[in-house]
Amino acid sequence: MLSPPSLRRLSPAVASVPPLSHPRLRHNPLPILPCPRSFSRPLLRVRAIDAAQPYDYESRMATRFHNAQKLKIAIIGFGNFGQFLAKTIVRQGHTVLAHSRSDHSDAARKLGISFFANPDDLAEEHPEVILLCTSIISTESVLRSLPLQRLKRNTLIVDVLSVKEFPKSLLMELLPEDFDLICSHPMFGPESGGKGWNELFFVYEKVRIGLDESRVSRCEKFLSIFEREGCRMVEMSCADHDKYAAGSQFITHTVGRILDMLMLESTPINTKGYESLLDLVQNTAGDSFDLYYGLFMYNKNALEMMERLDLAFEALKQQLFGRLHDVVRNQLFGCAEKLRTWPENPQDGASLALTTYSEATRFQDFSPTYDYKAAKLEENPKLKIAIVGFGNFGQFLAKTIIKQGHTVLAYSRSDYSDVAEELGASFFSDADDLCEEHPEVVLLCTSILSTEKVLRSLPFQRLKRNTLFVDVLSVKEFPRNLFLQVLPPDFDILCTHPMFGPESGKNGWNDLSFVYDKVRVGNEESRAYRCDCFLDIFSSEGCQMVEMSCYDHDRHAAGSQFITHTMGRVLEKLNLSSTPVNTRGYKTLLDLVANTAGDSFDLYYGLFMYNANAMEQLERLDLAFESLKKQLFGRLHGVLREQLFENTKDNFIDTRKVPMIEPYQNGTALLSLPDSRELH
């Protein structure tokens, strides 16, 4: 099609050509007209300007919208946490400027960020958002040093401190009224948020946001940085945040620092609870003491929580030593019937009752020659196992033992006949009747405190002479020595400890530790094979089988199991509850309380009373707690001393800045920080 006449240039000869609709040309093609030599360019140029142009309206609009969502954010305080946040902010496409007293220009360059050593130069870039990532202690001095006059008058200022009432008051006091304010707290850090922020809490309060649509939109754009990463966004007042944080974050960091002072190490027999404590130490140890001190100093609820923790620990110690005092008193003044021992001749084993592991005979003559871990059990023999003590733990083990096809006989002082029948076990209320069934294995599932009494009450003469006795107590040297003292020398002895219970093992025993010591097993192949068949009950369920001496078990357990139960019981006395802003560390503490609260105090007391290493661990825990308190109050004393006695500017002391001691309900002194509005 030809171009419109106004946009084409035709020669006179061409102009005279009739249109295509002329009858004479209807079936004939147009003649090819030679171009005159006098023309330096073609006579005819056709411009198809009505053709579609390559303009993608939707893409351009999407690009505009995408760019409109991007912010220019200045991070003040470009240390560990500032860099941690910057990585995600840059990845989302926002422009980031950084300023810090220390030179972090190399780190900024690697992230694609402009670093400014001079705050005036940064302010003249007119960032839309100022993100304060300073420490709690330095926040005021940094904020006062900023050239606020060089910023746009409606700049949005955001803090990310771990306390909230203090920065809120400070920001409202020091910043012009035209500035917008958000107080926020990402409830995670480089360690806990290193693999992503999904499902982690981000707490915020819109303290002051202008009514203009652009300022409201800017606030939402900033919050969307965290929302897009999957954070659980919690809008909460600063006062409520600090109330919850004192009961969760401060306690979590306190427990983490106390345990860090104990220099806990992984053991070959870690429980899930102990593993969680090791993780807690790792997550809190990387934080500076200044951060922890700030949680204590700038949250008015923290001192009360420290006092409650102290009282809970003291109450637990009183429980332990009070029970110990009663035991000693009964031994000294009680008229308890003297219990018989088996056998009377010390040479037959009675003298081993109170010997230490290093002094006790290891009965090498009875060492088995059969390695159940190396050999395959070609047959799958079924054992007849008597469970003595058919309470919660005995029933827990019986379910799996019966499921594997073994015969279970149950005996207990309490009547559990209905439970036994439901599980498919035979219940006996008379010990003589039980022993006359000639079980191949007698499995003691009694409490630590009642073990000796129950063991001495059994009619050994009605059992086969080579019966295998097994215990599952949480301490090992005590039952080992007791068995060697009380049981006839022909009986085999296997001391074990399943490092799990009905709660931690409810979903299966796979990868859970099972510790055992073959104290005395006859060298006949049948007896060694029977022992290995019993151990296979746990091995076949996926347990990690750990062969370890009773002495080594108790040494490791005092540093893991006893400490775990102690911290769980101390925290239980605080009546900790879930909050709307649980951190991962605080959830660890709540889980620890749940896992230990179900155990009786007798079990915990047994861990203390019957493990020779427990007292030392309790003393170390006590010293660590006292040391942490000295660090906190020592730092506080240093602040007070500097304010009261050091030379200050113009020799003037602002007494309004001095923390004051006020009593609270139970009469204990409470540190009260003055409102920052009163300080300036």
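In the annotation of an unreviewed UniProt entry, the protein is listed under the name Arogenate dehydrogenase 1, chloroplastic and assigned to Momordica charantia.

*Asks:* I keep staring at the overall build of the protein and nothing clicks. Help me out?
*Replies:* The helix and strand tally for the protein stands at 24 helices and 18 strands. Going through the 680 residues of the protein one by one, you find that 49% of them count as buried. Nonlocal contacts in the protein, meaning residues at least 24 apart in sequence, comprise 73% of its contacts between residues at least 6 apart. Carbon together with sulfur atoms contributes 49% to the accessible area of the protein, which is approximately 35300 Å² in total.

*Asks:* What exactly am I supposed to notice about the sheet that holds strand β2 (residues 95-99) here?
*Replies:* By definition, the strands of a sheet pair up through backbone hydrogen bonds, in either a parallel or an antiparallel sense. Read across the open sheet, the eight strands follow the order β3-β2-β1-β4-β5-β6-β7-β8; overall the sheet is mixed. Looking along the sheet, the strands with just one partner apiece sit at the ends: β3 (114-116) and β8 (232-235). Adjacent strand axes in the sheet meet at a mean angle of 25° when their direction is disregarded. Packed onto the sheet, helix α3 (residues 80-91) meets β1 (72-76), β2, β4 (129-132) and β6 (180-186) and runs at close to 165° relative to β1.

*Asks:* Just checking my understanding: could you explain the sheet that holds strand β9 (residues 384-388) for this structure?
*Replies:* Read across the open sheet, the eight strands follow the order β11-β10-β9-β12-β13-β14-β15-β16; overall the sheet is mixed. Pairing within the sheet leaves two strands with one partner each, and these edge strands are β11 (426-428) and β16 (544-547). Ignoring which end each strand starts from, the neighbouring axes of this sheet average 25° apart. In this structure, strand β12 (residues 441-444) lies alongside strand β13 (residues 468-471), joined through four bridges in parallel fashion. Counterpart to V441 in the pairing with β13 is L468.

*Asks:* Honestly, the packing of helix α21 (residues 561-573) against helix α23 (residues 601-609) in this entry has me stumped. Any pointers?
*Replies:* When two helices pack together, their arrangement is given by the angle between the helix axes and by the axis-to-axis distance. Two elements in contact, α21 and α23, have axes separated by 10 Å at closest approach and are oriented at 135°. Considering the angle they form, α21 stands oblique to α23. In the crossing of α21 with α23, the sense of the turn from one axis to the other is left-handed. For the pair α21 and α23, contact is made by Q561, F562, H565, T566 and R569 and by F601, L603, Y604, L607 and F608, respectively.

*Asks:* In this structure, what is going on with the nonpolar core? I would like to understand it.
*Replies:* Most often, soluble globular proteins keep nonpolar side chains buried together rather than apart. Membership of the largest hydrophobic core comes to 110 residues, with the highest contact counts inside it found for L259, L455, F460, F469 and L571. Apart from the residues within four sequence positions on either side, F469 is in contact with V442, L444, L455, L458, F460, L463, F483, L487, F491, D492, I493 and L494. Listed in part, the 34 residues of the second largest apolar core include A398, C531, F534 and L535.

*Asks:* I tried to follow the pairing of β2 on my own but got confused; where do I start?
*Replies:* When a strand is regular, its side chains alternate between the sheet's two faces. Among the five residues that make up β2, four are buried, leaving the element largely enclosed by the rest of the structure. Here five bridges tie β1 to β2, and the two strands are oriented parallel to one another. Bridged to I73 within β2 is V96. Note on the crossover from β1 through α3 to β2: the handedness is right-handed. Following the backbone out of β2, through helix α4 (residues 105-111) and into the adjacent parallel β3, one traces a crossover that is right-handed.

*Asks:* Would you take a moment to explain the packing of aromatic side chains for this structure?
*Replies:* For any pair of aromatic rings, geometry is given as the distance between the ring centres together with the angle between the planes. In this structure the tally under the stated criterion is 31 aromatic pairs. Seen from their ring centres, F84 and W197 are 5.7 Å apart, and the 50° between their planes marks the pair as tilted. Here the residue F84 occupies a position in helix α3, and W197 occupies one in the loop between β6 and β7 (201-208), the gap between them amounting to 113 residues. With a centroid separation of 5.6 Å and an interplanar angle of 5°, the aromatic rings of F250 and Y292 are classed as stacked.

*Asks:* Would you take a moment to explain a negative patch on the surface for this structure?
*Replies:* Residues D415, D418, E421 and E422 make up a contiguous surface patch of negative charge. Here E422 is to be found in helix α15 (residues 417-423).

*Asks:* Sorry, what's going on with the pairing of β8 here?
*Replies:* Strand direction decides the pairing type here: β7 and β8, joined by four bridges, are parallel. Within the sheet, the bridge partner assigned to F202 lies in β8 and is M233. In the classification by handedness, the crossover that spans β7, the intervening helix α8 (residues 213-227) and the parallel β8 is right-handed.

Rules behind the numbers
Residues numbered from 1 in each chain as written. Predicted model: local features only at pLDDT ≥ 70, side-chain atom pairs only at ≥ 80, totals over all residues. Heavy atoms only, no water. Helix = DSSP H or I, 4+ residues; strand = E, 2+ residues; numbered from the N terminus. Buried < 20%, exposed > 50% of the residue type's maximum accessible area, 1.4 Å probe, protein only. Contact = heavy atoms within 4.5 Å. Areas by Shrake-Rupley, 256 points an atom, 1.4 Å probe, with all protein chains shown as cover. Pairing = 2+ DSSP bridges. Axes fitted to C-alpha atoms, helices over the stretch in contact; angles between N-to-C directions. Parallel < 35°, antiparallel > 145°, perpendicular 65-115°, else oblique. Left-handed = near helix turned anticlockwise from the far one by under 90°. Core = buried A, V, L, I, M, F, W, Y, C linked by side-chain atoms within 4.5 Å. Right-handed = clockwise from strand over helix to strand, strands pointing away. Phe/Tyr/Trp six-rings, centres within 6.5 Å; stacked < 30°, edge-to-face > 60°. Patch = residues over 30% accessible without salt bridge, like charges linked within 9 Å, V, L, I, M, F, W, Y side chains within 5 Å. Salt bridge = Lys/Arg side-chain N within 4 Å of Asp/Glu carboxyl O. Lys, Arg positive; Asp, Glu negative; His and termini not counted. Charge placed at Lys NZ, Arg CZ, Asp CG, Glu CD.

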